[in-house]
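One letter stands for each residue in the lines below.
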Amino acid sequence: MPDNVFIALTFASALGAGLMAGVYFAFSAMVMPGLRRLAPAEATRSMQAINVAVMNPWFLVVFTGSAVFSLVSVVLSFARWGNDEAVYLLVAGVLFLAGSLGLTAGYHVPRNNALGTVDADGPGVPERWARYYSEWTSWNHVRAVASLAATILFIAGIAAT
């Protein structure tokens, strides 16, 4: 594979991981703290609305595209094994796939789906919201850090070529 194609694919991986790091950072730094300022019923309804709104073509293209480019980077790492950039690509791709895609699919989506079934005016909402907020946000920090670290490693892979 020519270096310019490799660099373009790795740049796309870095861009996607960086965009997702920004999304996760925005949730950790602004959205979730903003929701925490609301009453539990309002916060629950707001997060339910956010979870519906996030299912849009813009987000889904970036989210799934980032995962696809990260998977391509993992494959490229083996194709370029022995070159300086190979380890950067492998670690970045696996880190992004596990830290973004894996946590989202295995941890955040099930909690979002469960929150979607909650009657915001029903009993136990304050406790349920507090637990959701704390657990969801903590693991969202992990997604943000993993995505940012993957971005840095993808860039390091380009620099190593």
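Going by the structure above, here's the rest.
Throughout this document, residue positions are counted from 1 along each chain, in the order its sequence is written. Local features in a predicted model are, by the rule used here, given only for residues with pLDDT of at least 70; side-chain atom pairs are given and counted only at 80 or more, and totals for whole chains, interfaces and linings are based on all residues. As a convention, hydrogens and water are excluded, and side-chain values are obtained from all of the structure's heavy atoms.

> Mind showing me how you'd approach the nonpolar core here?
What makes a nonpolar core is a set of buried Ala, Val, Leu, Ile, Met, Phe, Trp, Tyr and Cys residues whose side-chain atoms join them at distances within 4.5 Å. Relative accessibility under 20% of the residue-type maximum defines a buried residue, over 50% an exposed one, and the middle range a partly exposed one, all with a 1.4 Å probe and only protein chains included. Core analysis: the largest hydrophobic core is formed by 13 residues, its most contacted members being Ala17, Met20, Tyr24, Leu89, Phe96, Ala150 and Phe154. Note on conventions: DSSP H or I runs of at least 4 residues are helices, E runs of at least 2 residues are strands, and numbering of each starts at the N terminus. Counting residues per element, the ones that place at least two in this core are α1 (3-36), α3 (57-79), α4 (85-116) and α5 (125-159). Leaving out residues up to four positions away in the same chain, Ala17 has contacts with Ser66, Phe96, Ser147, Ala150, Thr151 and Phe154. Counting residues in hydrophobic clusters, the runner-up holds twelve residues, among them Met32, Leu115, Val125 and Tyr132. Only heavy atoms matter for contacts: two residues are in contact if any of them lie within 4.5 Å across the pair.

> What should I look at first to understand α1 in this one?
Residues lying three or four places apart along an α-helix face the same way, a consequence of the helix completing one turn every 3.6 residues. One fewer than the residue count of a helix, multiplied by 1.5 Å, yields its expected span. Here α1 is 34 residues long and its end C-alpha atoms lie 48 Å apart, about the 50 Å a rise of 1.5 Å per residue gives. At every residue, the bend is computed as the angle between two fitted axes, covering the seven residues ending there and the seven beginning there respectively. Considering bend angle alone, the principal kink of α1 is centred on Phe27 and spans about 45°.

> Which parts of the structure should I look at to understand the packing of aromatic side chains?
Geometry of an aromatic ring pair is reported as the spacing of the ring centres plus the angle between the planes. Stacked, tilted and edge-to-face pairs are distinguished by plane angle, under 30 degrees for stacked and over 60 for edge-to-face with tilted covering the rest, among Phe, Tyr and Trp rings (Trp via its six-membered ring) whose centres lie within 6.5 Å. Here the structure, examined in full by the defined rule, presents seven aromatic pairs. An aromatic cluster is defined as three or more aromatic residues linked by ring pairs; in this entry it consists of Phe27, Trp129, Tyr132, Tyr133 and Trp136. In this structure, Arg111 is placed above the aromatic ring of Tyr107, and the distance from its NZ or CZ to the ring centre is 3.6 Å. Here, over-ring charges are defined by two tests on the NZ atom of lysine or the CZ atom of arginine: distance to the ring centre within 6 Å, and angle to the ring normal within 35 degrees. The ring centre of Trp136 lies 5.3 Å from the NZ or CZ of Arg143, which sits over that ring.

> Which parts of the structure should I look at to understand the packing of α4 against α5?
When two helices pack together, their arrangement is captured by the angle between the axes and the distance separating the axes. Inter-axis angles, ranging from 0 to 180 degrees, are taken between N-to-C directions of lines fitted to C-alpha atoms, where helices are fitted over the stretch in contact. At their nearest, the axes of α4 and α5 sit 8 Å apart, and the two run at 160° to each other. Between α4 and α5, the angle is such that the two are roughly antiparallel. Pair α4 / α5 crosses with left-handed handedness. Classification convention: Asp, Glu, Lys, Arg as charged; Ala, Val, Leu, Ile, Met, Phe, Trp, Tyr, Cys, Pro as nonpolar; all other residues, Gly among them, as polar. Of the residues that constitute the contact of α4 with α5, the class distribution is 21 nonpolar, nine polar and five charged. Here roughly perpendicular refers to angles of 65 to 115 degrees, roughly parallel to angles under 35, roughly antiparallel to angles over 145, and oblique to all remaining angles. If you view the pair so one helix is near and one far, a crossing is left-handed when the near helix is turned anticlockwise from the far one by less than a right angle, and right-handed when it is turned clockwise.

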